[in-house]
Number of protein chains: 2
Amino acid sequence: MTQLGPGRPRLEPRRRAGQTPRAEILDAAAELFTNHGYGNTSTRAVADAVGIRQASLYHHFAAKDDILDALLAETVTPPLELARTLADRPEPAAVRLYALAWFDVSQLCSGRWNLGALYLLPELRSERFARFRERRDELRGHYETLAAAVLAEAGAGAVAGAELLPFRLVESIINMRSDEGAAPEYAGRLIPDAILRLLCWSGSLAETRVAALELARRFAPE
Amino acid sequence: MTQLGPGRPRLEPRRRAGQTPRAEILDAAAELFTNHGYGNTSTRAVADAVGIRQASLYHHFAAKDDILDALLAETVTPPLELARTLADRPEPAAVRLYALAWFDVSQLCSGRWNLGALYLLPELRSERFARFRERRDELRGHYETLAAAVLAEAGAGAVAGAELLPFRLVESIINMRSDEGAAPEYAGRLIPDAILRLLCWSGSLAETRVAALELARRFAPE
């Protein structure tokens, strides 16, 4: 029986995904929040699902809000870091926007639980989640800036305000996952391709995709 | 003091939007579900918000699920009725798709509460909401059929699978409302316009819009 971190040794074998107690708590909470509802889940239920005492859970997270905040950060931090890097890169805006959208869709698809489904919780409008909202707004701003640059280069015929929609198309993967029960295979190509078409960008999607995936892989955060 | 429907006369004046006790219950529940969370709201809290006794509420709705189901139906029934009518109309697919998207965005914007934010609730995956899911899937199917017809007519250069996205763009109005705190004015034009551009449809948006709004107004359900 291995003791990882504080608290008494476990009486039971590890039962959750995750290498640390903190990761196990996050995995259990993500499952409960997305499958039973945030309002319906107590920290007691999370502790039970991990197989630890509630007091041990409180060592890692002082309140249920803190667990939610950590889960939400997982969905926004990686694409935001990539977006900040891409903002200063010399590649064409279409390549950078494609790279960001591809990476963001991939990470929204790859988590075990569909955490984006929590974005519409009314709790997120409270002061407690102001920092999360700021970071998601910053990410949205990066999408809008890149999309406006694509429009400025090549978007003859595009609709006024079209720069607002790439971010929305990326987040629609959350609804697809929810409706289909799993992340659709085709989304990692469909959504970035569709974003460029929506902006009336008329270059080669195949070439842009190759360049964008190379760029995303080179600068993607760990 | 007017007595409307069953139950004892009210001790207090009417305090909610709605012409009937049923409508008042739905309005109060919509506010609480969207602002405090479905899991956090009891039927008791709904009755209190209306200013009626819980027993009176149960006369109209046997359980909280039934209130949610009635609210969800309000969001899907009108566009589904219009979609069924449009399916058999002789107008070009681009006009019919524009009409459906415009009407659907308008009704998702016009409700007092952002009910679409409830679509991602885990409760909706249960058998209780199978009928709602079927109807929303049918609506989604109408979007996909119309979009495929637009692609067949005029979508040279469009991305494979693009017919899946108009429905997602329409529902993104729910996220815009949630992020911006109110329905954005421009959405009723931006989203239908962008849908046609996404499908690489190259006709006149201005003419299509005029024809589509006329069609939607002629056949829109009450």
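- An unreviewed UniProt entry annotates chain A as TetR family transcriptional regulator originating from Nocardia aurantiaca.

**Considering the overall build of chain A**
Working step 1: Counting secondary structure elements, chain A contains 9 helices and 0 strands.
Working step 2: Taken over the C-alpha atoms alone, chain A extends approximately 65 × 35 × 35 Å along its principal axes.
Working step 3: Put simply, chain A has 222 residues, and 55% of those count as buried.
Working step 4: A separation of at least 24 residues holds for 71% of the contacts in chain A among residues at least 6 apart in sequence.
Working step 5: When the accessible surface of chain A is summed, it comes to about 9,700 Å², and 51% of that surface belongs to carbon and sulfur atoms.
Working step 6: Between the centroid of the 27 positive side chains of chain A and the centroid of its 29 negative side chains there is a distance of 5 Å.

**Overview of the relation of the copies chain B and chain A**
Working step 1: With an RMSD of 0.0 Å, the fit of chain B onto chain A corresponds to turning through 180 degrees and sliding 0.0 Å along the axis. Such values leave the two copies arranged in the relation of a two-fold axis.
Working step 2: Mapped onto chain A, 100% of the interface residues of chain B are again interface residues, and the two copies thus contact each other with one and the same surface.

**Points about helix α1 (residues 21-36) of chain B**
Residue and element names in this part refer to chain B.
Working step 1: Helix length check: α1, at 16 residues, gives a terminal C-alpha distance of 22 Å against a target of 22 Å (1.5 Å per residue), a fit within 8%.
Working step 2: Taken together, the buried residues of α1 touch α2 (43-50), α3 (54-60) and α4 (64-87).
Working step 3: A positive backbone phi angle near 100 degrees is found at Gly-37, which sits one or two residues after α1.

**Observations regarding the packing of helix α5 (residues 93-110) of chain B against helix α8 (residues 187-198) of chain B**
Residues and elements named next belong to chain B.
Working step 1: It is at 9 Å that the axes of α5 and α8 come closest, and there the two elements cross at 145 degrees. Here α5 runs over α8; the crossing is right-handed. Of the residues in α8, those touching α5 at Ala-94, Leu-97, Tyr-98, Ala-101, Trp-102 and Val-105 are Ala-187, Gly-188, Arg-189, Ile-191, Pro-192, Asp-193, Ile-195 and Leu-196.
Working step 2: Its residues assigned to classes, the contact of α5 with α8 shows 11 nonpolar, 1 polar and 2 charged.

**Thoughts on the interface of chain B and chain A**
Working step 1: Between chain B and chain A, the contact holds 39 residues from the first and 39 residues from the second.
Working step 2: With both chains or domains summed, chain B and chain A bury close to 3,300 Å², and 60% of this area falls on carbon and sulfur atoms.
Working step 3: Looking at the side of chain B facing chain A, the largest losses of area belong to Leu-120, Val-159 and Arg-168 of chain B, adding up to 20% of the total buried there.
Working step 4: The salt bridge partner of Arg-168 of chain A is Asp-179 of chain B, with a shortest N-O separation of 2.8 Å.

**Let's talk about helix α4 (residues 64-87) of chain A**
Residues lying three or four places apart along an α-helix face the same way, a consequence of the helix completing one turn every 3.6 residues.
Working step 1: Counted at 1.5 Å a residue, the expected span for α4 of chain A with its 24 residues is 34 Å, and the 35 Å between its end C-alpha atoms agrees.
Working step 2: Of all the bends in α4 of chain A, the greatest reaches close to 30 degrees and is centred on Glu-74 of chain A; the proline Pro-78 of chain A follows between one and four positions later.

**Topic: the UniProt feature "DNA-binding region" (unreviewed entry) in chain A**
Working step 1: In this structure's numbering, the residues bearing the UniProt feature "DNA-binding region" (unreviewed entry) are residues 42-61 of chain A.
Working step 2: Between the end C-alpha atoms of residues 42-61 of chain A the distance is 13 Å, and the span holds 75% helix and 0% strand.

**Observations regarding the packing of aromatic side chains**
Residue and element names in this part refer to chain A.
Working step 1: Enumeration over the complete set of coordinates arrives at 6 aromatic pairs over all chains.
Working step 2: Each ring, one from Phe-33 and one from Tyr-38, has its centre 4.8 Å from the other, and the planes form 80 degrees; the classification is edge-to-face. By the burial criterion, Phe-33 is buried, and Tyr-38 matches it.
Working step 3: Residues Tyr-119 and Phe-132 carry aromatic rings whose centres are separated by 5.6 Å and whose planes lie at 40 degrees to one another, so their mutual orientation is tilted. On the criterion of sequence distance, the pair formed by Tyr-119 in the loop between α5 (93-110) and α6 (130-154) and Phe-132 in helix α6 is long-range, its members being 13 residues apart. Like Tyr-119, the residue Phe-132 is buried in the burial classification.
Working step 4: The ring of Tyr-38 has Lys-64 lying over it, and the distance from NZ or CZ to the ring centre is 4.2 Å.

**A short note on the UniProt feature "domain: HTH tetR-type" (unreviewed entry) in chain A**
Working step 1: Within this numbering scheme, the UniProt entry marks residues 19-79 of chain A as carrying the feature "domain: HTH tetR-type" (unreviewed entry).
Working step 2: As annotated, residues 19-79 of chain A has a helix share of 77% and a strand share of 0%, and its two end C-alpha atoms lie 23 Å apart.

**A look at empty space enclosed by the protein**
Working step 1: Using the criterion set out here, one finds 6 cavities of 30 Å³ or more in the structure.
Working step 2: Within this model, the largest cavity holds a volume of roughly 250 Å³.
Working step 3: Around the largest cavity, the lining is made up of 24 residues, and of these Leu-121 and Pro-122 of chain A together with Tyr-38, Leu-121 and Pro-122 of chain B lie nearest the centre.
Working step 4: Looking at the lining of the largest cavity, the elements that each hand over two or more residues are α1 (21-36) of chain A together with α1 of chain B.
Working step 5: For the lining of the largest cavity, the per-class residue count stands at 14 nonpolar, 8 polar and 2 charged.
Working step 6: One number sums up the size of the second largest cavity: a volume of about 70 Å³.
Working step 7: In terms of lining, the second largest cavity is formed by Arg-168, Glu-171, Ser-172 and Asn-175 of chain A together with Arg-168, Glu-171, Ser-172 and Asn-175 of chain B.
Working step 8: Secondary structure elements with two or more residues in the lining of the second largest cavity: α7 (165-180) of chain A together with α7 (165-180) of chain B.
Working step 9: When its residues are assigned to classes, the lining of the second largest cavity shows no nonpolar, 4 polar and 4 charged.

**Some thoughts on the confidence of the model for chain A**
Working step 1: Averaged over all residues, the pLDDT of chain A is 92; the fraction at 70 or higher stands at 93%.
Working step 2: Note that pLDDT drops below 50 for residues 1-6 of chain A; the model gives that stretch 9 contacts with residues more than four away or on any other chain.

About the cut-offs
Residues numbered from 1 in each chain as written. Chains lettered and ligands numbered in written order. Predicted model: local features only at pLDDT ≥ 70, side-chain atom pairs only at ≥ 80, totals over all residues. Heavy atoms only, no water. Helix = DSSP H or I, 4+ residues; strand = E, 2+ residues; numbered from the N terminus. Buried < 20%, exposed > 50% of the residue type's maximum accessible area, 1.4 Å probe, protein only. Contact = heavy atoms within 4.5 Å. Areas by Shrake-Rupley, 256 points an atom, 1.4 Å probe, with all protein chains shown as cover. Lys, Arg positive; Asp, Glu negative; His and termini not counted. Charge placed at Lys NZ, Arg CZ, Asp CG, Glu CD. Least-squares fit on C-alpha atoms with pLDDT ≥ 70 in both. Expected span 1.5 Å × (residues − 1). Axes fitted to C-alpha atoms, helices over the stretch in contact; angles between N-to-C directions. Left-handed = near helix turned anticlockwise from the far one by under 90°. Nonpolar A, V, L, I, M, F, W, Y, C, P; charged D, E, K, R; others polar. Buried area = accessible area lost by both parts, 1.4 Å probe. Salt bridge = Lys/Arg side-chain N within 4 Å of Asp/Glu carboxyl O. Bend = angle between axes of the 7 residues up to and from the residue. UniProt positions renumbered as here; feature names shortened; annotations may be inferred. Phe/Tyr/Trp six-rings, centres within 6.5 Å; stacked < 30°, edge-to-face > 60°. Lys NZ or Arg CZ within 6 Å of the ring centre and 35° of its normal. 1 Å grid on protein atoms, 1.4 Å probe; cavity = no way out; pocket = protein on both sides within 12 Å on 5 of 7 lines; lining within 4 Å. Points joined across faces, edges and corners; volume = space filled by probe spheres on them. pLDDT = per-residue confidence, 0-100.

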